[in-house]
4 protein chains.
Amino acid sequence: MIKVGIVGGTGYTGVELLRLLSQHPDVEVDAITSRSEAGLAVDELYPNLRGHFPGLAFSEPDPERLGDCDAVFFATPHGVAHAMAGELIGRGARVIDLSADFRLADADEWAHWYGQSHGAPDLLEDAVYGLPEVNRDAICQARLIAVPGCYPTAVQLAALPLLERALIDTDHVIADCKSGVTGAGRGAKIGSLLAEASESMKAYGASGHRHLPEIRQGLTRAAGKSVGLTFVPHLTPMIRGIHATLYGRLTHEPGDLQALFEQRFKDEPAVDVMPPGSHPETRSVKGTDMCRIAVHRPGGGDTVVVLAVIDNLVKGASGQAIQNLNLMFGFDEMEGLYAPALMP
Amino acid sequence: MIKVGIVGGTGYTGVELLRLLSQHPDVEVDAITSRSEAGLAVDELYPNLRGHFPGLAFSEPDPERLGDCDAVFFATPHGVAHAMAGELIGRGARVIDLSADFRLADADEWAHWYGQSHGAPDLLEDAVYGLPEVNRDAICQARLIAVPGCYPTAVQLAALPLLERALIDTDHVIADCKSGVTGAGRGAKIGSLLAEASESMKAYGASGHRHLPEIRQGLTRAAGKSVGLTFVPHLTPMIRGIHATLYGRLTHEPGDLQALFEQRFKDEPAVDVMPPGSHPETRSVKGTDMCRIAVHRPGGGDTVVVLAVIDNLVKGASGQAIQNLNLMFGFDEMEGLYAPALMP
Amino acid sequence: MIKVGIVGGTGYTGVELLRLLSQHPDVEVDAITSRSEAGLAVDELYPNLRGHFPGLAFSEPDPERLGDCDAVFFATPHGVAHAMAGELIGRGARVIDLSADFRLADADEWAHWYGQSHGAPDLLEDAVYGLPEVNRDAICQARLIAVPGCYPTAVQLAALPLLERALIDTDHVIADCKSGVTGAGRGAKIGSLLAEASESMKAYGASGHRHLPEIRQGLTRAAGKSVGLTFVPHLTPMIRGIHATLYGRLTHEPGDLQALFEQRFKDEPAVDVMPPGSHPETRSVKGTDMCRIAVHRPGGGDTVVVLAVIDNLVKGASGQAIQNLNLMFGFDEMEGLYAPALMP
Amino acid sequence: MIKVGIVGGTGYTGVELLRLLSQHPDVEVDAITSRSEAGLAVDELYPNLRGHFPGLAFSEPDPERLGDCDAVFFATPHGVAHAMAGELIGRGARVIDLSADFRLADADEWAHWYGQSHGAPDLLEDAVYGLPEVNRDAICQARLIAVPGCYPTAVQLAALPLLERALIDTDHVIADCKSGVTGAGRGAKIGSLLAEASESMKAYGASGHRHLPEIRQGLTRAAGKSVGLTFVPHLTPMIRGIHATLYGRLTHEPGDLQALFEQRFKDEPAVDVMPPGSHPETRSVKGTDMCRIAVHRPGGGDTVVVLAVIDNLVKGASGQAIQNLNLMFGFDEMEGLYAPALMP
């Protein structure tokens, strides 16, 4: 049994950590912090947790208490982990950051996209990008994990087999992504109201979204050279789920694409390559840490289409964070993450 | 480890049994039947189950194989359990029927509401109405369980404390209920299309719904006298969930209603009485076997309002069926049913 | 052609006034005010209006300009019309207030429910409650209209025929109401987020909602004596629509209820009594000024159930405001309000 | 005043024709046919139309009566217009076909995609593809109109300015489209149930959809040479709306793309080019015949992204059909189509 802390527990990724950890036999939540809700029992804010964490209340962040934990999750806006991670690591805790603070290897690029200087550049070389399908060994040893963003998780998993084998034109990769509204967090924004976001579809950030450099960095690593990516996210009228539709131009005859994908992910517990001809639905992964993928080659032409679905709050955030935790502490990689999706 | 069979597994209560049983450590699904889909792997129909039941496929119903199971669930339209339950019980299986076949104690009333004669009146005296909050001891011994309907579960739990203490006028009990569309099953009906049922609200069956006699029977048992019930169900644009709003007229000063409800359900693992002033949300029980209840007395007047929420597919069907199974086989009553609701 | 002004035009009732007035041949919108958005073109905030009001932008409220209008709508939070209505009336404009400021005849009761003293008690005797089905003649002559609230419109129309004929027990009237989320306005509240309000159902204000005294006042007028009302509103996962389910106990044999309702509303252009056995859907009135009603007497017993649906933003707010305007200025009562509902 | 008939009026495009025509001052609906619902009043099936078409009921299709109409709409599955259009034209009616029967100029290609031989190849040379933004003059003179499909309308309008100016690589055009569920029609299919299609997103037909050849034909006409198109439609959890996201690779410096689009559509009453940086929402055109478009060039690179939204039942079907009717009979092109979208 290990002890964990959660910094910034009132948002959607925070409560999702609690929901998932309630089913984890080897983890005890010792502290969950929130400056705004300090003192409030967690199940007053989230009645679905009634009975699951008796006595657990939000508290002011206390570095000493958090530092005593075996691991600390940051479910915070960007900038917070910058300020606290170093001290907690110094006290012996391992840090799993769900925010964007350590996702980009280049502090200047981070500063460019986030509009402020990087707060902990010295930690960057210790930070491991927490995509198990790419970095499993490094994750096991890491003291600081940057959990990938939701779009980056889906797009990278869709693209990796093609880029690693150099099958597609790296100058023109297109990722058309559709996300449920929880991707925008729990902030009270007019655009996220049911009355505004329901019964409608729209793109956003078509000219540049903060996940673009993260995805580009991951694809570039996979390809071994710079990747030109067009990434357009769309707001979809549903609570959870990301559907990534990836378009690549084949540069030569690729062989059996289905076999390629199956082979690439055959030992991956959180990736499911669907049968040929499939169209994965986001609901088939709702609440789970699974990514389901299908690969198509319409008309046998030179465009390959990859469809990948995840739950943005699970494989795209809190579930993947726990998958990292499991690897770091030697638990079964999917411990606490076994339950199938709610469907319908 | 016990072996169970599921008859009629393609509908929503069938797949929900599978989803929940996948998390049950002591149950193995030996057979799942469907005449229309025989031969199809269950995870082809329900991709959320990929990896959870390797090799399990729908099969033609085979009384011999089902009779060898320790327990058989019926997740079928009415009439099917009538035809098969007797034989399976004779072969030693215990039967847990999620359909309406054995819910009404009076075969003539059943025939009246279901438009056909009762197919197994001789089994009625063995049938136990599977509401653990009322019949726990009988359930433990039962060979044949009639799992309560979804509306009846919510309304009875809301009304029991008031009726058992004879606090309200039994001639005029009103149950205004709101249900998600899965209550109508997986049949391809125009009225259940997203394009028809979304962004709208309507009552149905205002002049008489098949759950009316079942609820009335339960309330009458609790009150010890005939109860005059007005029950109006409403179709709500959501997938899962029932919200029952119960109105009763207090016949005398009732004392502390909050304490009454808390006391009535204090040992019930599947009922949660919320703090005073609460308004339970259906999403707080989504995917779970929990019923959350709040009691109000507006303006301190003589009308009591009880709000009760359940997931119609879980506490209103498959979860309650497993709660019965657990009692029948001596497992922890909530085994397999511990996970908190998905929220948001 | 008359000139109108709209005070507080950025909210949902404001934009709905614009949408409807764009189809009104005899009305020109001269000014629309908003302190927070002054200077912004209306179609930048509401792109559905692109091309319909060229040049119209939000402006600071200017009593002189507004006072020059033939009519001024207030689509504001409570308290604003209190402060401005008197002056505008003095300048010759007729005022149609969509807020709650003049709905309650008793200034003390208003102060009790709204937590502040009434700002214009001297205007109360001039204020006409703008429910055409009750006050048509007075509306035609009025200088100041209090447009009824959304719940009060639906509940009163459902109850009037029964109360006017003294058919039901006035001590125990129950109105169980279900509303879409636009009833909560365009404010950025967490509870109104798609991620929070979608896929869920809950009651709110069960112990007392601000519409309670307004409904009670209307029912009491109709009954000619005090009415004991229990009113429980529910938040429903849809954008628009109110479904009111009214329960009354018949005190004596009522005769033909269907005929009673048809007779009561036969000359009402905004009320549609559906055929016997109907269950009106909120979507059948979406975007329209219509109220559809059905009356049921389950099992021929002594409880009457009335189902009434409106669009909360139209018959429950902006459409009814225009219906009042039409009456005040001698236009066809439904001018600008003829279009059928969008369905599906 | 002209007289029109509607063949196959029970589906969504049929009722949408009625909804829109109820606001058209110069059109009278003389007959609406349905074999399955003959005898039923239209407002029994569609209560939103109560009061709008008194006396209008579905009837068996009668070529004589339909032939007497000035125009006949076909709102039917494919194959029906093949069988009837010739006779009606012979009787003097002009035919506006909302089905796919006359959309493809090549009868063999039609046969390939629709799995049956073309039923009226001799009429093909008279058929005019009813996209006013391309074929306005021909439409005015036409006796037979093939109303474009929903996806084809959105994709063509998005792509035309680029292809007509030869700005993009015609070998690799990508159209990633998202549609509400009414695109699948009113058929009772399990996949269209609220319980199945809500709270989820999925692609379908990724390897080939019937709208592909129609779009390709239109793009090829615009480009003056064969266009290689990848078209992936996605089922989106909403009732109405299509969002087309078009990706093209610029083959040379294109100049001011915003100006190009504004210029191309400046006289088009049904196309609205949004300001630079816009992201059109499908709800901004709900219920209207408008297409809103925005053009982006992310990072100033060589990929152009065009976002186009329509209501699939209006500009994508019934509204565009009426736009054609207006042109054919010399009415204002947007007569009956002026109302702004319902928003929220």
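Residues numbered from 1 in each chain as written. Chains lettered and ligands numbered in written order. Predicted model: local features only at pLDDT ≥ 70, side-chain atom pairs only at ≥ 80, totals over all residues. Heavy atoms only, no water.

Would you take a moment to explain the sheet that holds strand β8 (residues 173-179) of chain C for this structure?
By way of backbone hydrogen bonds, the strands of a sheet pair with one another, either parallel or antiparallel. Residues and elements named next belong to chain C. Across the sheet, which stays open at both edges, the 7 strands sit in the order β9-β10-β8-β11-β14-β13-β12 with mixed pairing between neighbours. Sheet topology places β9 (202-203) and β12 (271-273) at the edges, where each strand pairs with a single neighbour. Bridge count between β9 and strand β10 (residues 229-235): 2 bridges; the pairing is antiparallel. Considered in β10, the bridge of alanine 203 is made with histidine 234. Against the sheet, helix α7 (residues 150-164) contacts β8, β10, β11 (242-249), β12, β13 (291-296) and β14 (303-310), and its axis sits at roughly 35° relative to β11. Packing against the sheet, helix α9 (residues 211-223) makes contact with β8 and β10, and its axis sits at approximately 135° to β10. (Pairing = 2+ DSSP bridges. Helix = DSSP H or I, 4+ residues; strand = E, 2+ residues; numbered from the N terminus. Contact = heavy atoms within 4.5 Å. Axes fitted to C-alpha atoms, helices over the stretch in contact; angles between N-to-C directions.)

Explain the UniProt feature "domain: Semialdehyde dehydrogenase NAD-binding" (unreviewed entry) in chain A to me, please; I cannot follow it from the model alone.
Cross-referencing UniProt, the feature "domain: Semialdehyde dehydrogenase NAD-binding" (unreviewed entry) maps to residues 3-142 of chain A in the present numbering. In this annotation, residues 3-142 of chain A is assigned 34% helix and 18% strand; the end-to-end C-alpha distance for the span is 17 Å. (UniProt positions renumbered as here; feature names shortened; annotations may be inferred.)

What am I meant to see in the packing of helix α1 (residues 12-21) of chain C against helix α11 (residues 314-329) of chain C here?
In a pair of packed helices, the angle between the axes and the distance between the axes together describe the arrangement. Residues and elements named next belong to chain C. Two elements in contact, α1 and α11, have axes separated by 9 Å at closest approach and are oriented at 50°. Comparing their axes, α11 and α1 come out oblique. Here α1 runs over α11; the crossing is right-handed. Residues Thr13, Glu16, Leu17, Arg19, Leu20 and Leu21 of α1 touch α11, and the partners they reach there are Val314, Ala317, Ser318, Gly319, Ala321 and Ile322. Classifying every residue of the contact of α1 with α11 gives 7 nonpolar, 3 polar and 2 charged. (Parallel < 35°, antiparallel > 145°, perpendicular 65-115°, else oblique. Left-handed = near helix turned anticlockwise from the far one by under 90°. Nonpolar A, V, L, I, M, F, W, Y, C, P; charged D, E, K, R; others polar.)

Is there a simple way to think about the interface of chain D and chain C in this case?
Where interface size is quoted, it is often the accessible area lost as the parts come together. On the chain C side, the residues contacting the 33 residues of chain D number 33 residues. When chain D packs against chain C, close to 2,600 Å² is buried across both sides, 62% of that on carbon and sulfur atoms. Its largest share of buried area at the contact with chain C, chain D owes to Arg50, Leu342 and Pro344 of chain D, together 26% of the area lost on that side. Inspection of the region where chain D meets chain C yields 2 salt bridges. Taken together, the links from chain D to chain C amount to 12 residue pairs in polar contact (both at pLDDT 80 or more). Among the elements of the structure, α1 (12-21) and β12 (271-273) of chain D are those that each provide at least two residues to the side of chain D that touches chain C. Among the elements that make up the side of chain D that touches chain C, the one with the highest residue count is α1 of chain D (4 residues). (Buried area = accessible area lost by both parts, 1.4 Å probe. Salt bridge = Lys/Arg side-chain N within 4 Å of Asp/Glu carboxyl O. Polar contact = N/O pair within 3.5 Å; in protein donor to acceptor, adjacent residues only side chain to side chain.)

Which parts of the structure should I look at to understand the domain arrangement of chain A?
Residues and elements named next belong to chain A. The domain boundaries assigned to chain A delineate domain 1 (2-125) and domain 2 (151-312). The interface is formed by 15 residues belonging to domain 1 together with 15 residues belonging to domain 2. Together, the buried faces of domain 1 and domain 2 total about 1,300 Å²; carbon and sulfur atoms form 52% of this surface. Summed over the shared surface of domain 1 and domain 2, the number is 3 salt bridges. Summed over the shared surface of domain 1 and domain 2, the result is 8 residue pairs in polar contact (both at pLDDT 80 or more). At the level of secondary structure, the elements contributing two or more residues to the side of domain 1 that touches domain 2 comprise α1 (12-21) and α5 (107-114). For the side of domain 1 that touches domain 2, the leading source of residues is α1, giving 4 residues. (Domains from an automatic or database assignment.)

How do you make sense of the interface of chain A and chain D when you look at a structure like this?
Between chain A and chain D, the contact holds 42 residues from the first and 43 residues from the second. Between chain A and chain D, a total of about 3,700 Å² is buried, with carbon and sulfur atoms accounting for 54% of that surface. At the boundary of chain A with chain D, the tally comes to 6 salt bridges. Taken together, the connections running from chain A to chain D amount to 30 residue pairs in polar contact (both at pLDDT 80 or more). For the side of chain A that touches chain D, the secondary-structure elements that each account for two or more residues are β8 (173-179), α8 (194-197), β9 (202-203), β10 (229-235), β11 (242-249) and β14 (303-310) of chain A. At 4 residues, the largest contribution of residues to the side of chain A that touches chain D is made by β11 of chain A. Residue composition of the side of chain A that touches chain D, by class: 16 nonpolar, 14 polar and 12 charged.

What's the story with the pattern of salt bridges in this structure? I'm lost.
Opposite charge on two side chains permits pairing when their charged atoms draw close. Under the counting rule described, the total for this entry stands at 92 salt bridges over all chains. Two residues, aspartate 30 of chain B and arginine 65 of chain B, come together in a salt bridge whose shortest N-O distance is 3.4 Å. With aspartate 30 of chain B in strand β2 (residues 27-33) and arginine 65 of chain B in helix α3 (residues 63-67), this pair connects stretches of sequence that are 35 residues apart. On the basis of relative accessible area, aspartate 30 of chain B is assigned to the buried category, the value being 18%. On the accessibility criterion, arginine 65 of chain B (37% relative accessible area) is partly exposed. Of the charged contacts in the structure, one is a salt bridge between lysine 315 of chain B and glutamate 133 of chain B, with a shortest N-O distance of 2.8 Å. With lysine 315 of chain B in helix α11 (residues 314-328) and glutamate 133 of chain B in helix α6 (residues 132-141), this pair connects stretches of sequence that are 182 residues apart. The class for lysine 315 of chain B is buried, based on a relative accessible area of 0%. You can call glutamate 133 of chain B buried: its relative accessible area is 4%. In the salt-bridge network here, residues are joined through shared partners; they are Glu16, Arg19, Arg240 and Asp311 of chain A. (Buried < 20%, exposed > 50% of the residue type's maximum accessible area, 1.4 Å probe, protein only.)

Help me understand the relation of the copies chain D and chain C in this model?
Superposition of the two copies of the chain requires a rotation about an axis and a shift along the axis. Overlaying chain D with chain C gives an RMSD of 0.0 Å, the required rotation being 180° about an axis along which the chain moves by 0.0 Å. What the rotation and shift describe, once combined, is the action of a two-fold rotation axis. (Least-squares fit on C-alpha atoms with pLDDT ≥ 70 in both.)

Teacher, can you tell me more about the sheet that holds strand β4 (residues 71-74) of chain A here?
All names here are of chain A. Pairing is parallel across the open sheet formed by 7 strands, whose spatial order is β3-β2-β1-β4-β5-β7-β6. Across the chains shown, the open sheet's two edge strands, defined by having one partner strand only, are β3 (58-59) and β6 (127-129). Sheet analysis places strand β1 (residues 2-7) next to strand β2 (residues 27-33), joined by 6 bridges and oriented parallel. Along β2, the bridge assignment pairs isoleucine 6 with isoleucine 32. Helix α4 (residues 80-90) contacts β1, β4, β5 (94-97) and β7 (144-146) of the sheet and is inclined by roughly 175° relative to β4. The sheet strands contacting helix α6 (residues 132-141) are β5, β6 and β7, and the helix crosses β6 at an angle near 150°.

Which parts of the structure should I look at to understand the relation of the copies chain A and chain D?
Least-squares fitting of chain A to chain D yields an RMSD of 0.0 Å, with the transformation described by 0.0 Å of translation along the axis and a rotation of 180°. Both copies share a contact surface, since 100% of the interface residues of chain A are interface residues in chain D too.

So what exactly am I meant to see when it comes to the confidence of the model for chain A here?
Do not read the predicted coordinates in detail wherever pLDDT is low. The predicted model of chain A averages 97 in pLDDT, with 100% of residues at 70 or higher. Complex prediction metrics read pTM 0.98 and ipTM 0.97. (pLDDT = per-residue confidence, 0-100.)

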